[in-house]
Amino acid sequence: MIRAYNKTNQFQESLEMYHFMCENKIEPDKFTFTFVVKACTGLLDLKEGVLVHEKIVEKGLEGDVFIGTGLVDMYCKMGELVSAEKVFDVLPERDVVTWNAMIAGFSQSFNPEDGLVCFKRMQVEGLLEPNSVSLLNLFPAVCKLGDVKACRCIHGFVFRREFPVAVSNGLIDMYCKCGWVGSGENIFYLMRGRDDVSWGTMMAGYVHNKLYDQVIELHDKMKGENMIMDKVSAVCALLAAAEMRDLEKGIEIHDCIKHQRIGSDVRVVTPLITMYAKCGELQKAKKLFAGLQERDLVSWSALIASTAQCGEAEEAFSLFRDMQSEKLKPTKVTLLSVLPVCGELLCANMGKSIHCFSIKADIDSDVSIGTTLVSMYAKCDIFSVALTVFNRMLHKEIVTWNALINGYAQIVEPYKAMDLYYQLQLSGLHPDSGTVVGVLPACALLEDLRYGRCIHGTTVKLGFGSDCHVRNALIDMYAKCGNLLAAEFLFYKTDFVKDEVSWNTMISGYIQNGHAQKAISVFNQMKIEAFVPNLVTIVSILPAIAYLAALREGMALHCLIVQTGLHSNTLIGNSLIDMYAKCGRLDHAEKFFIEMHNKDTVTWNAMLAGYAVHGHGAHATEFFSVMEESHVKVDSVSFVSALSACRHAGLVEEGRKIFCSMREKHHILPNLKHYACMVDLLAHAGLFDETLSLIKTMPMEPDAGVWGAFLDACKMHDDVDLAELALKNLVRLEPGNPAHYVVLSTIYAQSGRWGEARSTRLQMTDTGMRKTPGCSWLEDKGIVHGISSG
């Protein structure tokens, strides 16, 4: 009877029958204990299991191989590895099943490397040949370790022997989870007698490595070969369609699910809900959820996460409460679905509420929950709490450290990010690709090329230097540290499989280092290689076009923006206005400004700067007044552009009014740029007394921009005495700049003081200074030419 209950998974009834047997003074034998231990394992009832174990010891049956194996299996599945090892060690005889149970226990533990050790011991000490179960139990350990060398060794072991298809499927899964998708593909395509699990495993491998295109491609091949789509394949295909935001493909997969009649399974409907929500069909997702007969925690979690990701945070939290009101107690899985969304949407209050719930439910000490909480608080810029959660965690995984390192780098706290990286190394954990991607931006912010190279060396040593995300971070770091040669070397390496981020990073690197022409060349190459420029690409390349005044390139890019539907994006609209203005087509800039629906302060500033650059002072001041009347929030940049316009047009009175309104009306303190504009405006108008008075009353020390503007005005008015005063201050501030000597020499020459002009030039030559040649750009027939002078 006990065995019969076990076979139908009625483990509670099995134990009740055992207790009834004992109460009737019928002594259990070794077969009874074998079945009872299995029932305890099925219920994960450790307390009962320990009592049964004590009874087994009393009866002297602990050395029985079947009972011992059952106890090892029970303790391993309950996470009590120490107890499992004690039973295992006292067994006088161990068969393959016993070793397999121990391998499985180690593989699922925090020390999966012990699983590999046990697998070796089985062959050396036990002199036993591993079977398919041994390998299937070992695979999770290799996946956790990401040990490619172990993958290859096991693959070689399997290759020399005959094993069922399940082992080949396990090899595919193992390679994919270790990041070697190509090796998994080779096994898949060379397999004889592939089953539906093989297809599902390969698709799951692609999903694990975020290769969503390949998932859809494999799904289409599966349909072409008239294979039956099982639940795993369906789930993988839906996840891929969701990540690609491909609603058409998602609907096609949904039709296949209906045809295969697996659409009522909650495990299939849940990713369907996610797919529709991520593709913008939230109502369809809610309808599917409402139609579920049995809603489990996973389906609730999917709808909550999807709702929040669609920007409806309040509704997501309301759903979370509804789930609780249905007496469904949120589990770790539920919280892990909701907390990341709180971080992404910066919903700190919602995150705090869930944190409180996790404490009440006594799951806040779980590593996954702790890590997600650290990440959520870091993204919400509440680092004091993030650090408290981090420090209270007894066990930290590498992702926990990564969450905090990434957070500090993103809020421009490079020293803290680097300090945490040092602590990670001292903790005994090895950095992974996520750590490197998090810490390299800190090196870039500090422009610490030396330490950046050290981290590069670490990536090569640990074997993830070829990882695309790591390579992109390295390119970005080298470019921001001024080492373009190293960035180019990594970018153009033949083994580098680039993504959109790679191209965007290289384009930004060239622009940051003043190589606008090279940036445009890389952009053109990106299109040739069939990469579609995204929002980041366009926002990166437009400043390069503006810098070169390459109007033809700019207009071609504008067409591409319209084709891709990005013309309504405010960020791109602002860049287009700036580009057209700098390319001399103020009319195009004005037209686009008028047509823009979602204007912000930057939009108005871009147009205002365009008027200022083109010397349209009256237009600029009028436009600035319209900004104020339209209740646009003017900022420091707005005033720089407005004052520059007054400076170019010589509008002294308007400039004074605008400068005064900064403090009085808008409560903005002028900075050095504003003072430089006013000095330039007043001095060029010949108001030197007022200019000097303004310089003396500045709340900060005048910089080279202020004195340079003053010197330039002295040149216009041939005022030698004041020019000498300006040069004296400029030499103190910028001792190596020859331009100031050139201006003073010109002033001397204009005043007929040729000896002093020659003396100034000689003084510049004696100190080793040379005038930097000027450079202009000219576009002819689509080619941008540089013309130097001086």
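Residues numbered from 1 in each chain as written. Predicted model: local features only at pLDDT ≥ 70, side-chain atom pairs only at ≥ 80, totals over all residues. Heavy atoms only, no water.

Looking up the protein chain in an unreviewed UniProt entry gives the name Pentatricopeptide repeat-containing protein, with the organism given as Heracleum sosnowskyi.

Considerations on the packing of helix 17 (residues 266-278) against helix 19 (residues 297-309)
Selection rule: Each axis is a line fitted through C-alpha atoms, and for a helix only the stretch in contact is used; angles between axes span 0 to 180 degrees, taken between their N-to-C directions. Under the DSSP-based scheme used, a helix requires at least four consecutive residues in state H or I and a strand at least two consecutive residues in state E, with every element numbered from the N terminus. Small angles under 35 degrees read as roughly parallel and large ones over 145 as roughly antiparallel, with 65 to 115 read as roughly perpendicular and the rest as oblique. Residues count as neighbours in contact if any of their non-hydrogen atoms are within 4.5 Å of one another. Each residue is assigned to one class: nonpolar for Ala, Val, Leu, Ile, Met, Phe, Trp, Tyr, Cys and Pro, charged for Asp, Glu, Lys and Arg, and polar for all the others, Gly among them.
Between helix 17 and helix 19, the least distance of the axes is 9 Å, while the angle of their chain directions is 5°. Judged on the interaxial angle alone, helix 19 and helix 17 are roughly parallel. Mapping the contact onto sequence places V266, T270, I273, T274, A277 and K278 in helix 17 and V298, S299, A302, L303, S306 and Q309 in helix 19. Of the residues assigned to the contact of helix 17 with helix 19, the class counts are six nonpolar, five polar and one charged.

A few points about a nonpolar patch on the surface
Applied cut-off: Each patch is built from residues lacking any salt bridge and having more than 30% relative accessible area; the joining distance is 9 Å for like charges and 5 Å for nonpolar side chains (Val, Leu, Ile, Met, Phe, Trp, Tyr). Accessible areas in this description were obtained via Shrake-Rupley with a 1.4 Å probe; residue shielding takes into account the shown protein chains only. We define a salt bridge as a side-chain nitrogen of Lys or Arg found within 4 Å of a carboxyl oxygen belonging to Asp or Glu.
Taken together, L535, V536 and L571 make up a surface patch of nonpolar side chains, about 240 Å² in accessible area. For L535, the position within the fold is in helix 33 (residues 535-548).

Some words on the packing of helix 27 (residues 433-446) against helix 29 (residues 468-480)
Close contact between helix 27 and helix 29 brings their axes to 9 Å; oriented N to C, the two are set at 10°. In this view, helix 27 runs roughly parallel relative to helix 29, as classed from their interaxial angle. Contacts between helix 27 and helix 29 involve S433, V436, V437, L440, C443 and A444 from the former and H469, V470, A473, L474, M477 and K480 from the latter. When grouped by side-chain class, the residues that make up the contact of helix 27 with helix 29 number nine nonpolar, two polar and one charged.

Observations regarding helix 11 (residues 165-177)
We count it as follows: The length a helix should cover is 1.5 Å for every residue beyond the first. Only protein chains enter the calculation, and the probe is 1.4 Å; a residue is then buried if its accessible area is under 20% of its type maximum, exposed if over 50%, and partly exposed in between.
If you check helix 11, its first and last C-alpha atoms are 19 Å apart, about what 13 residues at 1.5 Å a residue would give, namely 18 Å. Considered for burial, the residues of helix 11 that qualify are V167, S168, N169, G170, L171, I172, M174, Y175 and C176. For helix 11, the elements touching its buried residues are helix 9 (132-145), helix 10 (148-159), helix 12 (181-190) and helix 13 (196-208). Directly after helix 11, the chain includes G179, whose backbone phi takes a positive value near 90°.

Remarks on helix 33
Note the following rule: Nitrogen and oxygen atoms within 3.5 Å of one another constitute a polar contact, given that in protein one can donate a hydrogen and the other can accept it, and given that sequence-neighbouring residues count only through two side-chain atoms.
For helix 33, spanning 14 residues, the distance from its first C-alpha to its last is 21 Å, which sits close to the expected 20 Å at 1.5 Å a residue. Along helix 33, the positions that sit buried rather than exposed are T537, I538, S540, I541, L542, A544, I545, A546 and L548. N-capping of helix 33 is provided by N534, with a side-chain oxygen placed 3.2 Å from the backbone N of V536. Count one or two residues on from helix 33 and you reach A549, which has phi positive near 55°.

What about the environment of E701?
By the element assignment, E701 lies in the loop between helix 42 (688-696) and helix 43 (704-717). Each C-alpha atom of the pair E701 and Q309 lies 49 Å from the other, and the pair is 392 residues apart in sequence. Not counting the four nearest positions on each side in its chain, E701 is found in contact with L672, R732 and L733.

Quick look at the pattern of salt bridges
For the coordinates displayed, the defined rule picks out 21 salt bridges. For E252, the salt bridge is made with K223, and the minimal N-O distance between the two is 3.0 Å. Residue E252 is located in helix 16 (residues 247-260), and its partner K223 is located in helix 14 (residues 212-224); the two are separated by 29 residues in the primary sequence. Salt-bridge contacts for E243 lead to K278; the nearest nitrogen and oxygen are separated by 2.8 Å. Of the two residues, E243 sits in helix 15 (residues 231-244) while K278 sits in helix 17, which places them 35 residues apart along the sequence. In this structure E243 comes out as partly exposed when scored by relative accessible area, which is 34%. Among the charged side chains, a salt-bridge network with shared partners connects D220, K223, K249 and E252.

As for the packing of aromatic side chains
As a reminder of what qualifies: Classification of ring pairs rests on two measures: the distance between centres of Phe, Tyr or Trp rings, Trp counted by its six-membered ring, which must be within 6.5 Å, and the angle between planes, read as stacked under 30 degrees, edge-to-face over 60 and tilted in between. Geometrically, a charge over a ring is one whose NZ (Lys) or CZ (Arg) sits within 6 Å of the ring centre while staying within 35 degrees of the ring normal.
Counted under the stated rule, the structure contains 22 aromatic pairs. Ring plane angle 85° and centroid distance 4.9 Å describe the contact between F491 and Y492, whose orientation is recorded as edge-to-face. Taking the relative accessible area as the measure of exposure, F491 reaches 1% and is therefore buried. Summarising the aromatic geometry, the rings of F593 and W604 are spaced 5.1 Å apart at their centres and angled 85° between planes, so their arrangement reads as edge-to-face. Placement of F593 in helix 36 (residues 586-595) and of W604 in helix 37 (residues 601-613) is noted, with a sequence separation of eleven residues between them. With respect to class, F593 is no different from W604; both count as buried. Counting every residue linked through ring pairs, the aromatic cluster contains F491, Y492, W503 and F531. Over the ring of F496 we find R471, and its NZ or CZ is 4.9 Å from the ring centre.

Observations concerning a negative patch on the surface
Our working rule: Just so you know, the count uses Lys and Arg for positive and Asp and Glu for negative, and it drops His and the chain ends. Charge placement uses NZ in Lys and CZ in Arg. For Asp and Glu, CG and CD serve respectively.
Residues E85, D89, E113 and D114 make up a contiguous surface patch of negative charge. Counting residues per element, the ones that place at least two in the negative patch are helix 6 (81-90) and helix 8 (113-124). Here D89 is to be found in helix 6. Taking relative accessible area as the criterion, D89 reaches 48% and is therefore assigned partly exposed.

Side note on the side chain of N137
Positionally, N137 belongs in helix 9. A polar contact is formed between the side chain of N137 and the backbone oxygen of N100, at a distance of 2.9 Å. Leave out the neighbours within four places in its chain, and N137 touches N100, A101, I103, A104 and S107.

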